[in-house]
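Read off the chains here:
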Amino acid sequence: MNLSDTLTLEQKVYGMFILGYEEENPKANADFMRALSSGLGGVIFFTRNITDKEKFRDAIAIIKNNSTSTPFLSIDQEGGRVERTLNLYGGSHYLSARAAAKKGEEFVKQQTQWISEELKYLGLNMNFAPVLDVDTNPDNPVIADRSFSGDADEVIKFGKIVIDTYKQNGIITVGKHFPGHGDTNVDSHIDMPVLDLSMEELEKVHIKPFKALSGVLPAIMAAHIHYMAFDTEKIPASVSKNVLNYLRKSLGFEGVIISDDMVMGGIKRFSAFEACKRGIIAGTNMFIYRNADENTLALIEQIIKAVKNGEIPLERIDESINLILKLKKVYKT
């Protein structure tokens, strides 16, 4: 018997989405609350949601009390430029991955422990970290010091420390951005970068950390980047069958594959429905949308309809939701 056998199709499809909300109080967003009651798979929080620790803990309690499933409660808390608790401290509270790595292995472990303890206190159980990109392009506008190093072996060393420390604290890690965002010169938030590296170069440098750590990572985030070594069609890795099959079959990854935020410029060449349909068929298990609104809920309903009429295979939905539920069971979320 599969873990999903007791779920309706609606609950299964809603369970494949991680949504955010703009307000401080989740109850102020009727669409978000509706998604929660429909089986929403996860919630992503941003700086706008976290203005006071106790108010935020109250928001987490509201979410838990109104969820029909137990959602992932997620955040991008890397340290440095990407930190969602800025309002609590009036600025960055932790060092970037690069700055932490320069202080050595013990410091990286200690900082990860501090972040773990804060996330647990706030009530969160998933962090979109570590960044496993190898920073090889000095003109990269988005990675830079978010990466531990320009050396793949250093990224592996520090990435493993971060993953292990979060795991010891019951925090689910999501390694990003597969198959590597470190050599781009375009920010995928704005447009889709195109990476013209050979497969040999990708495997030697950029894929290397993901390959080394795929056995210990519970989840991996796929990038909105076109890799010419994988696809002649201009599509991002996040919805590429070739990229995601490689992750599963060549790297043996058995965890949950999550898209980067689906409102980013790197995925905008497709309509929301087309992007999700391609992603589901390719093997993406969960999709992030930063704002729960009527358009996002209409998209989810459109996907449910497409499964019912056979446009999207039900077995793909079942594969995804079973992986998601398996991960939730392991981490007792």
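Residues numbered from 1 in each chain as written. Predicted model: local features only at pLDDT ≥ 70, side-chain atom pairs only at ≥ 80, totals over all residues. Heavy atoms only, no water.

### Thoughts on empty space enclosed by the protein
Part 1 of the argument: Inspection of every chain in the model, using the stated rule, returns 1 cavity of 30 Å³ or more.
Part 2 of the argument: Here the largest cavity defines a volume of roughly 150 Å³.
Part 3 of the argument: Every residue lining the largest cavity is counted, 16 residues in all, and those nearest its centre are Glu78, Ala97, Thr112, Phe148 and Val162.
Part 4 of the argument: Put simply, the parts of the chain that give the lining of the largest cavity at least two residues each are α5 (97-102), α6 (105-122) and α7 (152-168).
Part 5 of the argument: Its residues assigned to classes, the lining of the largest cavity comprises 10 nonpolar, 4 polar and 2 charged. (1 Å grid on protein atoms, 1.4 Å probe; cavity = no way out; pocket = protein on both sides within 12 Å on 5 of 7 lines; lining within 4 Å. Points joined across faces, edges and corners; volume = space filled by probe spheres on them. Helix = DSSP H or I, 4+ residues; strand = E, 2+ residues; numbered from the N terminus. Nonpolar A, V, L, I, M, F, W, Y, C, P; charged D, E, K, R; others polar.)

### Comments concerning helix α10 (residues 241-250)
Part 1 of the argument: Within the sequence span of α10, burial applies to Val243, Leu244, Tyr246 and Leu247. In an axial view of α10, the angular spread of the buried residues amounts to 150 degrees, which keeps them on one side of the axis.
Part 2 of the argument: The inward-facing, buried residues of α10 contact β5 (172-178), α8 (199-206), β7 (219-222), β9 (256-261) and α11 (272-282).
Part 3 of the argument: The backbone nitrogen of Asn242 lies 3.4 Å from a side-chain oxygen of the residue at the head of α10, namely Ser240. (Buried < 20%, exposed > 50% of the residue type's maximum accessible area, 1.4 Å probe, protein only. Arc of directions from axis to C-beta. Contact = heavy atoms within 4.5 Å. Polar contact = N/O pair within 3.5 Å; in protein donor to acceptor, adjacent residues only side chain to side chain.)

### Quick look at the environment of Ile18
Part 1 of the argument: Of note, Ile18 is situated in strand β1 (residues 17-19).
Part 2 of the argument: By relative accessible area, Ile18 is classed as buried at 0%.
Part 3 of the argument: As a C-alpha pair, Ile18 and Ser74 span 56 residues in sequence and 8.5 Å in three-dimensional space.
Part 4 of the argument: Not counting the four nearest positions on each side in its chain, Ile18 is found in contact with Gly42, Val43, Ile44, Ser74, Phe128, Ile258, Met286, Phe287, Ile288 and Tyr289.

### Section: the environment of Ile156
Part 1 of the argument: Mapping Ile156 onto the fold places it in helix α7.
Part 2 of the argument: According to the relative accessible area criterion, Ile156 is buried, its value standing at 17%.
Part 3 of the argument: Sequence separation between Ile156 and Gly175 is 19 residues, and the spatial gap between their C-alpha atoms is 11 Å.
Part 4 of the argument: Beyond its immediate sequence surroundings of up to four residues, Ile156 is in contact with Lys208, Pro209, Ala212 and Leu213.

### With respect to the nonpolar core
Part 1 of the argument: Residues Phe17, Phe45, Ile258 and Ile303 are the most contacted members of the largest nonpolar core, which totals 106 residues.
Part 2 of the argument: Take this core: its biggest share by element is 8 residues, from α7.
Part 3 of the argument: Residue contacts for Ile303: discarding those within four places in its chain leaves Val13, Phe17, Phe273, Cys276, Ile280 and Ile312. (Core = buried A, V, L, I, M, F, W, Y, C linked by side-chain atoms within 4.5 Å.)

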